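Chains, contacts and geometry: an overview
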Amino acid sequence: MTTTISPSKASEGSISRRGAALTAGVGYVLLFGLAIFANFFVREGLVVSDDAAATAANIAESNTLFRFGLLAFVAIFLIDIVVAWAIHIVFRRTHHDLSLVAAWSRLVYTVFLGVAAIFFFQALAFYDATVVGDVIDVAERNAQALVGLELFNATWLIGLAAFGLHLIVLGTLVARSTETPRWLGLVMIVAGTAYIVDTTAYTVLADYADHADTFLAIVSVPSIIAEGWFGLWLLTRARRTLTA
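Residues numbered from 1 in each chain as written. Predicted model: local features only at pLDDT ≥ 70, side-chain atom pairs only at ≥ 80, totals over all residues. Heavy atoms only, no water.

**Structural notes on the side chain of T180**
Relative to the helices and strands, T180 resides in the loop between α6 (135-176) and α7 (182-204). Here the side chain of T180 touches V174 through a polar contact of 2.6 Å, landing on its backbone oxygen. (Helix = DSSP H or I, 4+ residues; strand = E, 2+ residues; numbered from the N terminus. Polar contact = N/O pair within 3.5 Å; in protein donor to acceptor, adjacent residues only side chain to side chain.)

**Some words on the pattern of salt bridges**
In this structure the tally under the stated criterion is 5 salt bridges. Residue D128 pairs with R67 through a salt bridge whose shortest N-O separation is 2.8 Å. With a gap of 61 residues between them, D128 in helix α5 (residues 96-130) and R67 in helix α4 (residues 63-91) connect regions that are remote in the sequence. With relative accessibility at 35%, the residue D128 sits in the partly exposed group. For R67, a relative accessible area of 36% puts it in the partly exposed group. In this structure, the salt-bridge partner of R141 is D137, at a minimum N-O distance of 3.1 Å. With R141 and D137 both in helix α6, this residue pair falls 4 residues apart, about one helical turn. Classification of R141 as partly exposed rests on a relative accessible area of 26%. (Salt bridge = Lys/Arg side-chain N within 4 Å of Asp/Glu carboxyl O. Buried < 20%, exposed > 50% of the residue type's maximum accessible area, 1.4 Å probe, protein only.)

**Here we look at the nonpolar core**
Of all hydrophobic cores here, the largest spans 55 residues; its most connected members are F66 and F230. Sorting the residues of this core by element identifies α2 (17-46), α3 (52-61), α4, α5, α6, α7 and α8 (212-235) as the ones contributing at least two each. Excluding residues within four positions of it along the chain, F66 makes contact with V42, L46, I59, F120, L124, Y127 and L149. (Core = buried A, V, L, I, M, F, W, Y, C linked by side-chain atoms within 4.5 Å. Contact = heavy atoms within 4.5 Å.)

**Quick word on the packing of α7 against α8**
Orientation of α7 relative to α8, taken along the N-to-C sense of each, is 150°, at an axis distance of 8 Å. Considering their axes alone, α7 and α8 lie roughly antiparallel with respect to each other. Once α7 is placed against α8, the crossing between them reads as left-handed. Of the residues in α8, those touching α7 at W183, L184, V187, M188, V190, A191, A194, Y195, V197, D198 and A201 are F215, I218, V219, P222, S223, I225, A226, E227, W229 and F230. (Axes fitted to C-alpha atoms, helices over the stretch in contact; angles between N-to-C directions. Parallel < 35°, antiparallel > 145°, perpendicular 65-115°, else oblique. Left-handed = near helix turned anticlockwise from the far one by under 90°.)

**Re the layout of surface pockets**
In this structure, the largest pocket spans a volume of roughly 1500 Å³. Lining the largest pocket are 46 residues, and of these N39, R43, W156, L160 and L216 sit closest to its centre. Elements with a minimum of two residues in the lining of the largest pocket: α2, α4, α5, α6, α7 and α8. At 13 residues, the largest contribution of residues to the lining of the largest pocket is made by α8. (1 Å grid on protein atoms, 1.4 Å probe; cavity = no way out; pocket = protein on both sides within 12 Å on 5 of 7 lines; lining within 4 Å. Points joined across faces, edges and corners; volume = space filled by probe spheres on them.)

The quantities given are spatial measurements derived from coordinates; they are silent on function.
If you want it as structure tokens, here you go:
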């Protein structure tokens, strides 16, 4: 004897597309604030490239800030998992397979961020150990800690290439959907391409540091526009636009 489950019963307990859009929108707001704090106020504000002593001094002076920066990266890691799932729910009717690619590529980025956070933890362990070390030991551990922070950057940078793929696929879904602004999708595709171009340039250009500000602008301008616009759409227009 077989039991047939009706579509209404099968969907019981499932989150609606509108609910998923709200979840993703709240996640985007949290990610935006956490990313600015962790990346610009903590990582960029405290870490001095190629200067282990200056970096150690900055972190010793702002140790609590450094720890909260690490906590912010961990929070981003967890929130991104939820956002990837919610975006899949929102766009699976537009194209089920592409929505899975968008979700999985975001999860790949999230895994790389999680691995990168391990190096952040290790750097913190080195800085904690220097408190009781002798002068030579302190200098060595500070150098090792800076290597850990540089490994964080490298690992995260590779992950951002996967995030670029996520934005390209998501932008394609947004552009194809009749429920979302087509121009938003096109801007997301531009932003995703910029992430991949930046990772590629960092890999192939020996003088990348000389052009870092230019590449930062190339990535940040379309990314802020696209993700900010998308987050606002999820929180406001999605509830009126999306079918249940």
